[in-house]
Amino acid sequence: MSTSKKIKNALVSVFHKDGLTEILTKLQEEGVALYSTGGTQIFIESLGIPCHSVESLTGYPSILGGRVKTLHPKVFGGILNRRDEAGDQEQIQQYAIPEIDLVIVDLYPFRETLASGAKEEEIIEKIDIGGISLIRAAAKNFKDVLTVASQQQYAALNQLLSIQGANSSLDERKWFAKEAFAVSSGYDAAIFNYFDKNEGTHFRQAYDQAKVLRYGENPHQKGIFYGELNEMFEQLQGKEISYNNLLDINAATDLMAEFDELTFAILKHNNACGIASRPTAKEAWEAALSSDPVSAFGGILTCNAKIDKPAAEEINKIFFEVIIAPAYAEGALEILKQKKNRIILVGKQAPEVSLQFRSLLNGVLVQEKDLSIQKEREWKVVTEKLPTQEETEDLLFANKIVKHTKSNAIVLVKNKQLYASGVGQTSRVDALKQAIEKAQSFHFDLKGAVMASDAYFPFPDCVEIAQKAGITTIIQPGGSMRDDLSIEYCNKNKMTMIMTGVRHFKH
């Protein structure tokens, strides 16, 4: 038996009508009878194309302010009847139900209405009932019915009609059915999350726009990104963004969101290897690069100010993967584009993300995103010696960096420049030793530097090591049963210690 099916009757009920005219014209040319209702019927007839009203089929008018239009056995019987089942065929003949071979639906814009800040009454009215039912019915009966479930699929239908007329294969109908269930499940997930209000009673997330990446974290792993990346960035040039690029871009974006002052950062493997705040982009770049010119090779660069030509001339001297900035001067862009594989991104307004989740074991782990960063008024100075104004500014700077550094983490800062960090160590002592050694290897003088820790010190050993290296001021969450030992050591050695009360683990 041939799997090709001829479209004889089509039901069209859509919210968005852009892109539909050419499809309707081709269906008319193919002799397809159209059924519709409400605004869609008016639109079809405005094109001079004949259209049967759903009301004429069902014998019932649209009722309840348009809430009930297509929910009728004559509509759903036309969609769900199995063409190869004798019993189904007898019944549709008995009740004069026409076979519906194509369903085109575009749902009420629930997500867009929600995002607009509309009142609850308006949001609820944008929960589509008839449309979602039509989609599910048609997709279930894909053996006989072709389903188009959103405006995003108009182009695929138009291409099918252009190539083979009003005919579809089983594989094509099954593909459209898969896309239809993606639409319906995503729509329902959005509605559920609206009612759930982040209570987390169930986990329902849906992302469209799948982008197949070159590979995952390693070449032998497959990788896909789901989401609208172009809402956050405009790519001006460069190769395809990779899985690892995306991880670093995410880390860079989160880090840079902490800073209002002109700041430049260099990241490798999701951690800052260089970052500095300075009056100009060129000065900030040079200070950030000097933090660790070795690790900067092949890094991800990000700045929260326009990249001008003087900065671009210096940046162009090293190899890097990605650069992100809100804007680029014309002369700067010409310089940066000299290497065609460089990924140059213009950062847009980042969407507010309140939840993070990752697959883990046989489930999903969900948490609120760490959006907390401590201001000076929220600190508690626990030592006799108070921080100077310069030290306070460095402490603020360092605490922002350590929040975005893999635990166990120690960050050393002086003059709003990262001198070194200890990253991802199994002990805080090792993290501190790593940071000190690295700073000294680049000939930084740690006298007067400040230290930030992502978690408390269980013993005073880190404080002692820091003091011997020349560090005079420390910021940490506090909360250890032995905090008094660290405070005592600081007081004896005329050091300053700040406790924020907020831990910033990052795993």
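How each quantity is defined
- Residues numbered from 1 in each chain as written.
- Predicted model: local features only at pLDDT ≥ 70, side-chain atom pairs only at ≥ 80, totals over all residues.
- Heavy atoms only, no water.
- Salt bridge = Lys/Arg side-chain N within 4 Å of Asp/Glu carboxyl O.
- Helix = DSSP H or I, 4+ residues; strand = E, 2+ residues; numbered from the N terminus.
- Buried < 20%, exposed > 50% of the residue type's maximum accessible area, 1.4 Å probe, protein only.
- Phe/Tyr/Trp six-rings, centres within 6.5 Å; stacked < 30°, edge-to-face > 60°.
- pLDDT = per-residue confidence, 0-100.

## Comments concerning the pattern of salt bridges
Oppositely charged side chains may form a pair once their charged atoms are brought near each other. Applying the stated criterion across every chain, the model contains 21 salt bridges. The partner of lysine 416 in a salt bridge is glutamate 261, with the nearest N and O atoms 2.9 Å apart. Here the residue lysine 416 occupies a position in the loop between strand E19 (410-413) and strand E20 (418-422), and glutamate 261 occupies one in the loop between helix H11 (243-256) and strand E11 (263-268), the gap between them amounting to 155 residues. Owing to a relative accessible area of 18%, lysine 416 belongs among the buried residues under this scheme. Three or more residues joined by partner-sharing salt bridges are found here, namely Lys8, Arg83, Glu99 and Asp101.

## Examining the packing of aromatic side chains
Counted under the stated rule, the structure contains ten aromatic pairs. The interplanar angle of 80° and the centroid separation of 6.0 Å between the aromatic rings of phenylalanine 110 and tyrosine 194 together place this pair among those described as edge-to-face. One end of the pair, phenylalanine 110, is in helix H6 (residues 110-115); the other, tyrosine 194, is in helix H10 (residues 170-196), and 84 residues separate them in sequence. Note on accessibility: phenylalanine 110 and tyrosine 194 belong to one class, buried. Centre to centre, the rings of phenylalanine 297 and phenylalanine 319 are 5.1 Å apart; their planes meet at 45°, and the pair counts as tilted. Within this pair, whereas phenylalanine 297 is found in the loop between helix H12 (281-291) and strand E13 (299-303), its partner phenylalanine 319 is found in the loop between helix H13 (309-315) and strand E14 (320-325), the two being separated by 22 residues in sequence.

## Topic: the confidence of the model for the chain
Looking at the chain as a whole, the pLDDT averages 93, with 100% of positions reaching at least 70. Taken element by element, the chain is modelled with least confidence in helix H3 (residues 54-58), mean pLDDT 84, and with most confidence in E19, mean pLDDT 98.

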